[in-house]
Amino acid sequence: MEKFTTLNGTMISIPTENIDTDQIIPARFLKVIDKNGLGDNLFSDWRYNADGSPKPDFILNTEQGKKAKLLVAGDNFGCGSSREHAPWSIMAYGFRGVVSTGFADIFRNNSLKLGLLPIVVDKDTHYQLQTLIEEDPSTTVTIDLEKQTLTLPDGRTVNFPIDGFSKSCILNGVDQLGYLQSHADAIAAYEAEHGSRVNTLAD
Amino acid sequence: MSTNGSSKTLFEKIWNQHVVVAESGNPAVLYIDLHLIHEVTSPQAFTGLREKGLTVRRPSQVMATMDHGIPTTPPDIPITDQMVLRQISQLEKNCEEFGIPLQGMHSDHRGIVHVIGPELGLTQPGMTVVCGDSHTSTHGAFGALAFGIGTSEIEHVFATQCLLQVKPKTYAIKVDGTLGNGVSAKDIILNLISRIGIGGGTGYVFEYMGSAIRALSMEERMTVCNMSIEGGARAGLVAPDNITYDYIAGRKLAPQDEAWDKAVAQWRTLPSDEGATFDQEITIDADALGPMITYGTNPGMGMGITDTIPDPDSVKDVSERQTLDKALKYMDIQPGQQLLGQDIDVVFLGSCTNSRISDLRVAANLIKGRKVADSLRMMVVPGSQDVKNQAENEGLDVIFKEAGAEWREAGCSMCIAMNGDQLSPGQYAVSTSNRNFEGRQGKGGRTFLASPLTATATAITGKITDVRTML
Ligand code: SF4
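An account of the accompanying structure is given in this report.

What counts as what
- Residues numbered from 1 in each chain as written.
- Chains lettered and ligands numbered in written order.
- Predicted model: local features only at pLDDT ≥ 70, side-chain atom pairs only at ≥ 80, totals over all residues.
- Heavy atoms only, no water.
- Buried < 20%, exposed > 50% of the residue type's maximum accessible area, 1.4 Å probe, protein only.
- Helix = DSSP H or I, 4+ residues; strand = E, 2+ residues; numbered from the N terminus.
- Pairing = 2+ DSSP bridges.
- Axes fitted to C-alpha atoms, helices over the stretch in contact; angles between N-to-C directions.
- 1 Å grid on protein atoms, 1.4 Å probe; cavity = no way out; pocket = protein on both sides within 12 Å on 5 of 7 lines; lining within 4 Å.
- Points joined across faces, edges and corners; volume = space filled by probe spheres on them.
- Nonpolar A, V, L, I, M, F, W, Y, C, P; charged D, E, K, R; others polar.
- Salt bridge = Lys/Arg side-chain N within 4 Å of Asp/Glu carboxyl O.

A look at helix α12 (residues 357–367) of chain B
Looking at α12(B), one finds that the buried residues are B:Ile357, B:Asp359, B:Leu360, B:Ala363, B:Ala364, B:Leu366 and B:Ile367. Positive phi shows up at B:Gly369, right after α12(B), with a value of about 80°.

Below, the structure is given as structure tokens:
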């Protein structure tokens, strides 16, 4: 879990709606047993030519992309598969948050476990962010997780939702597993009461 | 979650029975009965356990298999992809070290994780089932709360047999009436997703109900529940009934004898109570359904097989218009046209949506005495080695081979195109799988999703075909 408190940084925009995890990280890059090198394959099919050379005009191949801390993306971001390789690769590239009008459930869950912020904003703010990036790519915004705010250059702040539990884990950089482990006694009591509903070892 | 007095939905009953701790302000600690794992999303979770010095709390509630990356070529052809080999041997090592049963390369029961769970009798009503795979929703066909999780969550379940979950809302999908000839379970779910969109179920658990759902076999119910995630819902449920119990009875790892009677008695208490209410609902008229096909690059871009491709110019919302426009460009198809008659290069019959014995029977029945078109390649990939053996016992393999189709080993295959089974750039496929995302079936490949019947009819003519003209 990577700790996140506040961030001031530049953004890039990939406004396509329904960006699925097969676009974020194509399945052929899932044949790994660790998390190394995933950042290089982020958006691979949009980012590289058939011969493997980077497409110079694709945003992730530009200096602007490499410096950005926030990805502004179209609605229903991260739909499709449950692969955690998607948020892993987004973080490995260098992003600490994704701003969209909506996220797919599993992607959002996975991101919150890692400290990658899924920031939901309304349509108007989303549009304004895209316009700002277009007008001046060096525009920065500020994210304050404690206050749950995104502050635009004109000083306007918008609130974004996040569940209190994930928020405190991310603010403190604490893995969610610790909370589960702290309930070991209750889990043991549940098991004692209910027994196992399956036994995969019975053969 | 809304309820009417003490009336509860199926979902709510399962949820309540599995909450271990519910502290206000925090997500619930939810107990997990069955944890299925495969080679692609589990390795980093095992690494996490090792780094933290943890063990797997309940190996007897975990089942492992290999499906995503393994080749579907004959078993005597050695695997040459070093990365796939490494994932396979890593899973073997992990299962050995942590005491987890594995349906490995030499098991007769190996197969797609969502095919073998039910097949072995592991998936049962009222359970919570998770897997590092979004199509875990398949198991909801048994009235189990089943959903896909990420690798961090796999580690959580390994270590504690529990997950942290925020309670989802409920969505009733009512399908009444009778499906016409040539119309199948796949068409129900493709129709639903085309209506609510791929984000329409986000935050919800579906419960499928109504006379058309009751009439479906277990395998057909699995097809429907499988694609719940394509509508954005992590889980989709069907209340258990005698069809469910008949399917489970006598399976290898199902309860036996006294335990069976006890289990069935408990399962009978699960269906949603009279008067239970849902947060959202939609109705589908089964009588009005025809075969469905997708035209775009997500499963929500679907239409009746005789309909015409929608025109981006008629879409009001700017971003929706751009999305549709981009999809049609990728697919290289024209608005206002029908898809009927579109030339197809590959037909893929397989995946956890449609690779069970009944899917193969339906397809074999149609192709028997006919031939796969010369211009086209048809791949038939059974969902598990058990399905494959059963099909061979029934002679289905011979029917497919005589027709000119490829009869392959079990696995995910071209559903996800990790194992070399894939489209070439620009090729068109009609596929019985569940995702038509850009490049899903091979970089630059283009996918039309449809039922096994539509796929088989297309294989015969070489062009997208309305199967009703062949029945
Ligand atoms: S068949 Fe396809 S959708 Fe199903 S588990 Fe395999 S890769 Fe996933």
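Focus: the sheet that holds strand β2 (residues 28–31) of chain B
Residues and elements named next belong to chain B. With antiparallel pairing, the three strands of this open sheet are ordered in space as β1-β2-β8. Two strands lie at the open edges of the sheet, namely β1 (19–21) and β8 (162–165), each paired on one side alone. Averaged over all pairs of adjacent strands, the angle between strand axes in this sheet comes to 45°, irrespective of strand direction. Strand direction decides the pairing type here: β2 and β8, joined by four bridges, are antiparallel. Looking at β8, one finds that Ala28 is bridged to Gln165.

Thoughts on empty space enclosed by the protein
Where empty space is left in the structure can be found by rolling a water-sized probe over the atoms. Tallied over the entire structure, the rule returns three cavities of 30 Å³ or more. Computed from the structure, the largest cavity encloses a volume of approximately 200 Å³. As for the largest cavity, its lining consists of 21 residues, of which B:His68, B:Asp133, B:His135, B:Ile416 and B:Arg440 are closest to the centre. For the lining of the largest cavity, the residue count by class is seven nonpolar, ten polar and four charged. Here the second largest cavity defines a volume of roughly 130 Å³. Forming the boundary of the second largest cavity are 14 residues, of which A:Thr16, A:Glu17, A:Asn18, B:Thr297 and B:Glu438 lie nearest the centre. Looking at side-chain class alone, the lining of the second largest cavity contains four nonpolar, six polar and four charged residues.

Re unusual backbone geometry
At A:Gln148, a position not held by glycine, the phi torsion is positive, near 55°. By secondary structure assignment, the location of A:Gln148 is in the loop between β5 (140–144) and β6 (149–151). Phi is positive for B:Ser413, which is not a glycine, with a value near 55°. Turning to its location among the elements, B:Ser413 is positioned in the loop between β17 (406–407) and β18 (428–431).

Points about the pattern of salt bridges
Side chains that differ in sign of charge can pair as their charged atoms come close. Evaluated as defined, the whole model comprises 32 salt bridges over all chains. One salt bridge in this structure joins B:Arg440 and A:Asp22, with 3.0 Å as the shortest N-O distance. In this pair, B:Arg440 is assigned in the loop between β18 and β19 (446–449) and A:Asp22 in helix α1 (residues 21–24), connecting two distinct chains. With respect to burial, B:Arg440 and A:Asp22 carry one shared label: buried.

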